[in-house]
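Analysis of the macromolecular model
Chain by chain, the residues:
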Amino acid sequence: NAEFSKEIENETKKVANLVLEYTDKKQRLDLRKEEIVTIDGAYSKDLDDAVSLKKNEKGNYVLGVHIADVSEFVREGMALDAEALSRGNSIYLIDYVVPMLPVLLSNKLCSLNEGEERLTLSCIMEIDKSGKVLEYKISESVIKSSARLVYDEVSDFLEKGKETANVSAHAEMLKEMEELASCLRKAREELGSIDFDIDEAEFEIDKDGVPVDIFLSERRTANRLIEEFMLIANRTVAEHYFWMEYPFIYRVHEKPLPEKVMELKAFLKGIGLSLPLNEGNIHPLALRNLLDEDGKLSLVSAVMVRSMQKAFYSPECLGHYGLAFKQYCHFTSPIRRYADLWIHRMIKHQMHEEFSDEQLSKYREKAKKVSDIVSETERKAISMERELERLKKAQYMERWVGYEEHGIISGITSFGIFVQLPNTVEGLVRLDTLIDDYYEFDQENYRLVGSNHGRELRLGDSVNVVCTRVDTLIGTIDFRLC
């Protein structure tokens, strides 16, 4: 439900007024005169991260990642806090958002809007040209964003030199940001960090909620740049609190299960790729190298993701396999993720007072409880987002029944083949519609083989299909091979 109860709305207004009136900004690191910008999607309203960059006299980068200090407004014991925890995260449903926090906070008082003073938690890092963090500090701060920049305009500037007035004012800093992002990416790749470049869909929806177009979402230079900055901030914060042995919530991604590794190996063999294993284990670097080499990048990425375990939240620091980080957490999105908000509280508690043994025990217990709840709400949110996407894709394809399209074989089963169109829409070609031959399923090599003529249908093959039937109630799409 996007709405909040009257009790919570009133409590939010009351606390917001107290915070604005009584917060002593003199006690905070004052960054209001610094060049700090937000870079987000054109339609984003909840801006929870801002960035700044300078070079120091040693030629190193000083990167500031400034995150909305939501914990000033959402306190333990408030009805709003209990509600935020029960939601766990905001849910983004194509053209509709179910927010974790009321709009007064998410889009206004906590959002790092241009030209407005905002309370933040800053992670300021000195980073050398090899992408190594040499020094850092984590501080309560106050900022005033110089500009609200948009991914596409920053990407157009960095990729094509195309300037707008907004970008021109920050051109030098943006170029240096691109340099630093490149250093950070290189350092991450050397560790074996995997960048799953999976095709994601964007929808154009009309006023009646009907999809009129579906196209590929682009991860351009600016998107990747912000990703790198958030990754390094999340990692730096996680490492700091790991060594301090404080109650904390980590973002965990465990290595793939042995049976999933063998399935992946068999799939790759079926499309002519080999996967080096070490006692049944696979180093993330081996997966990353495969992605670098292979021409069927999107398909291989998608199959790799299916072989991975799901990431989750835990009070135990068990590492992040996909990123190849020993310590990792979510620190950068407290407006839309409760895990981030909770660790902000731990950080601020540590800044202001020592934990007693009793408090340590209480918060360790609480970290376990919160981790379980937010892992579950995240799973539900992802499931809802995917289900809606499936239904909208089916709704979109209604108008294309009878039309021929080009696609690639994205899945092979005993009952047919799945074909994905360039815009990510996927449909099923049922086995009983393949009338040119009698096809048998070769599970080991991920292919269908015609008994009489020997025609093979393999994963990654290009095919032409006609959309024959759509069920918008359950979100299924049927294709027929041409």
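**What about the overall build of the protein chain?**
Summing up its helical and strand segments, the protein chain has 12 helices and 21 strands in all. Over its C-alpha atoms the protein chain spans a radius of gyration of 25 Å, differing by no more than 12% from the 23 Å that the globule rule assigns to 482 residues. The buried share of the protein chain, reckoned over its 482 residues, is 50%. Split by element, the accessible area of the protein chain, about 23,400 Å² in all, is 49% carbon and sulfur.

**Comments concerning the sheet that holds strand β17 (residues 439–442)**
Across the sheet, three strands lie side by side as β17-β18-β19; this open sheet has antiparallel pairing. Each end of this open sheet is capped by a strand with a single partner; those strands are β17 and β19 (456–458). On average, each strand axis in the sheet is tilted by 20° relative to the strand beside it, whichever way the strands run. With three bridges connecting them, strand β18 (residues 447–450) and β19 associate as antiparallel partners. Across the sheet, L448 pairs through a bridge with L457, a residue of β19.

**Some remarks on unusual backbone geometry**
Positioned with a positive phi, I94 is a non-glycine residue whose angle comes to about 60°. Within the secondary structure, I94 sits in the loop between β5 (91–92) and β6 (97–98). The exposure class assigned to I94 is partly exposed, which follows from its relative accessible area of 35%. Of note, the phi angle at T424 is positive, near 85°, even though the residue is not glycine. Residue position: T424 is located in the loop between β15 (416–420) and β16 (426–430).

**Points about the nonpolar core**
The biggest cluster of nonpolar side chains holds 84 residues, and the ones touching the most others in it are I39 and F229. For this core, the element with the most residues is helix α7 (residues 221–244), which contributes 10 residues. Sequence-distant contacts of I39, that is, excluding residues within four places in its chain, are made with L149, V150, Y151, V154, L174, A222, L225 and I226. Membership of the second largest hydrophobic core comes to 44 residues, among which are I194, L273, L275 and V465.

**Notes on the side chain of R188**
Structurally, R188 can be placed in helix α6 (residues 171–191). Under the relative-accessibility criterion, R188 is labelled buried at 9%. If near-sequence neighbours (up to four positions away) are discounted, R188 is found in contact with S193, E228, L231, L323 and F325.

**Looking at the pairing of strand β20 (residues 462–471)**
Every regular strand shows the same layout, with side chains that alternate between the two sheet faces. For strand β14 (residues 404–413) and β20, the ladder comprises five bridges, and the chain directions are antiparallel. The partner of H406 across the bridge, within β20, is N464.

**Describing the pattern of salt bridges**
In total, this model carries 43 salt bridges according to the counting rule given. Here K55 makes a salt bridge to E179, at a shortest N to O gap of 3.2 Å. Residue K55 is found in strand β3 (residues 49–55), and its partner E179 is found in helix α6; the two are separated by 124 residues along the sequence. In this structure, E263 and K260 form a salt bridge, with 4.0 Å as the shortest nitrogen-oxygen distance. Of the two residues, E263 and K260 are both situated in helix α8 (residues 258–270); the distance of three residues between them amounts to about one turn of the helix. Under the relative-accessibility criterion, K260 is labelled partly exposed at 32%. Beyond isolated ion pairs, a larger network of salt bridges with shared partners links R28, D69, E72, R75, E140 and K348.

**Some thoughts on the packing of α6 against α7**
One can describe the packing of α6 onto α7 by two numbers: an axis separation of 9 Å at closest approach and a directional angle of 60°. Considering their axes alone, α6 and α7 lie oblique with respect to each other. The handedness of the crossing between α6 and α7 comes out as left-handed. Residues M177, E178, L180, A181, L184, R185, R188 and L191 of α6 form the contact with α7, whose participating residues are T221, R224, L225, E228, F229, L231, I232 and R235. Of the residues assigned to the contact of α6 with α7, the class counts are nine nonpolar, one polar and six charged.

Scoring rules and cut-offs
- Residues numbered from 1 in each chain as written.
- Predicted model: local features only at pLDDT ≥ 70, side-chain atom pairs only at ≥ 80, totals over all residues.
- Heavy atoms only, no water.
- Helix = DSSP H or I, 4+ residues; strand = E, 2+ residues; numbered from the N terminus.
- Rg over C-alpha atoms; globule rule 2.2 N^0.38 Å.
- Buried < 20%, exposed > 50% of the residue type's maximum accessible area, 1.4 Å probe, protein only.
- Areas by Shrake-Rupley, 256 points an atom, 1.4 Å probe, with all protein chains shown as cover.
- Pairing = 2+ DSSP bridges.
- Axes fitted to C-alpha atoms, helices over the stretch in contact; angles between N-to-C directions.
- Core = buried A, V, L, I, M, F, W, Y, C linked by side-chain atoms within 4.5 Å.
- Contact = heavy atoms within 4.5 Å.
- Salt bridge = Lys/Arg side-chain N within 4 Å of Asp/Glu carboxyl O.
- Parallel < 35°, antiparallel > 145°, perpendicular 65-115°, else oblique.
- Left-handed = near helix turned anticlockwise from the far one by under 90°.
- Nonpolar A, V, L, I, M, F, W, Y, C, P; charged D, E, K, R; others polar.

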